[in-house]
Amino acid sequence: MNDIPWNINACITCAEYVGPYVFEEDMVCANCQQKPPLCKTTICALNYLAPIDGLMNKFKHERNLAAGRLLTGCLCQAVMEAIMQGRITMPQLLIPVPLNSLRLRKRGFNQAQFIAKGLSHLLNVNVNTRLCKRKGYQVPQQSQTRWQRQSSLRGVFQVKKSEVNRGTNHIAIIDDVMTTGATTQALSQSLVKAWNGPLEIQVWCIARTQSFNTKLDW
Ligand SMILES: [Zn+2]
């Protein structure tokens, strides 16, 4: 699997691998067909497997910013490819998934914010780091099912209405690793509620865990 790019046999909505015998463009997985998430397109640069998981750990837990820049560059390339192939258009605003204050203090920085700022610089698109807050502390999600994750994330994200720009109706949520998509779905729900108007949401993430290998280190 390691050498298969994310966009081969992956769902266009959630980037889940639906593979290996399906060869279709614009494919949507069974989960997304049954219950379409608020985000219509996920751009994911890499699979969360070696050596990417190791680099991601160095970036997140050891604050290795060179690893962070390298991974951000990979995501930037995947986004530019998707734009050139006409699969997506450039959003007006990047919104990093916020960390709660406890985890932020422990880690010292928000990795999604680092990625979003890098992409903002590389792609010349605005980023807003003040728009969303994450309250409370959720237990690490690695052993939870999609449903458990979704219910534990209900109401976790707060969106500052004063930061909502009425002229903006196309955004991308930025995350480091996507597992079930429950986090980005919960954030999307809060954003849609705060926007109170048309809002097109993409998700851009560096790596995707796949159901055949859901090992995830938080
Ligand atoms: Zn899907």
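As the structure is a prediction and not an experimental result, all values here were calculated from the model.

## Concerning the packing of helix H3 (residues 65-84) against helix H5 (residues 111-123)
Here is step 1: Relative to each other, H3 and H5 sit at 55°, their axes nearing to 9 Å. It follows that H3 is oblique to H5 by the angle criterion. Between H3 and H5 the crossing geometry is right-handed. Residues Gly68, Arg69, Thr72, Leu75, Cys76 and Val79 of H3 pack against Gln111, Phe114, Ile115, Gly118, Leu119, Leu122 and Leu123 of H5.
Here is step 2: The class makeup of the residues in the contact of H3 with H5 is eight nonpolar, four polar and one charged.

## Re the sheet that holds strand S1 (residues 41-47)
Here is step 1: Taken in spatial order, the five strands make up an open sheet running S1-S7-S6-S2-S3, and their pairing is parallel. In this open sheet, the two strands that pair with only one neighbour each are S1 and strand S3 (126-127).
Here is step 2: Relative to strand S7 (residues 200-208), strand S6 (residues 170-178) runs parallel, the two being bridged by eight bridges. Across the sheet, the residue bridging to isoleucine 173 is valine 203, located in S7.
Here is step 3: The sheet strands contacting helix H2 (residues 52-61) are S1, S6 and S7, and the helix crosses S6 at an angle near 105°.
Here is step 4: Together, S1 and S7 form the strand contacts of H3, whose direction differs from that of S1 by roughly 135°.

## Describing the pairing of S7
Here is step 1: Counted residue by residue, S7 has eight buried out of nine residues, so it is predominantly covered.
Here is step 2: The pairing of S1 with S7 spans six bridges and is classified as parallel. The partner of threonine 42 across the bridge, within S7, is valine 203.
Here is step 3: Between S6 and its parallel partner S7, the chain crosses via helix H7 (residues 182-195), and the hand of that crossover is right-handed.

## Points about the nonpolar core
Here is step 1: Core analysis: the largest hydrophobic core is formed by 51 residues, its most contacted members being Leu75, Ile173, Ile174, Ile206 and Ala207.
Here is step 2: Among residues more than four places away in sequence, those in contact with isoleucine 173 are Cys39, Ile95, Val97, Thr184, Leu187, Ser188, Ile201 and Val203.

Cut-offs applied
- Residues numbered from 1 in each chain as written.
- Predicted model: local features only at pLDDT ≥ 70, side-chain atom pairs only at ≥ 80, totals over all residues.
- Axes fitted to C-alpha atoms, helices over the stretch in contact; angles between N-to-C directions.
- Helix = DSSP H or I, 4+ residues; strand = E, 2+ residues; numbered from the N terminus.
- Parallel < 35°, antiparallel > 145°, perpendicular 65-115°, else oblique.
- Left-handed = near helix turned anticlockwise from the far one by under 90°.
- Contact = placed C-beta atoms within 7 Å.
- Nonpolar A, V, L, I, M, F, W, Y, C, P; charged D, E, K, R; others polar.
- Pairing = 2+ DSSP bridges.
- Buried ≥ 20, exposed ≤ 12 C-beta atoms within 10 Å, placed from the backbone.
- Right-handed = clockwise from strand over helix to strand, strands pointing away.
- Core = buried A, V, L, I, M, F, W, Y, C linked by C-beta atoms within 7 Å.

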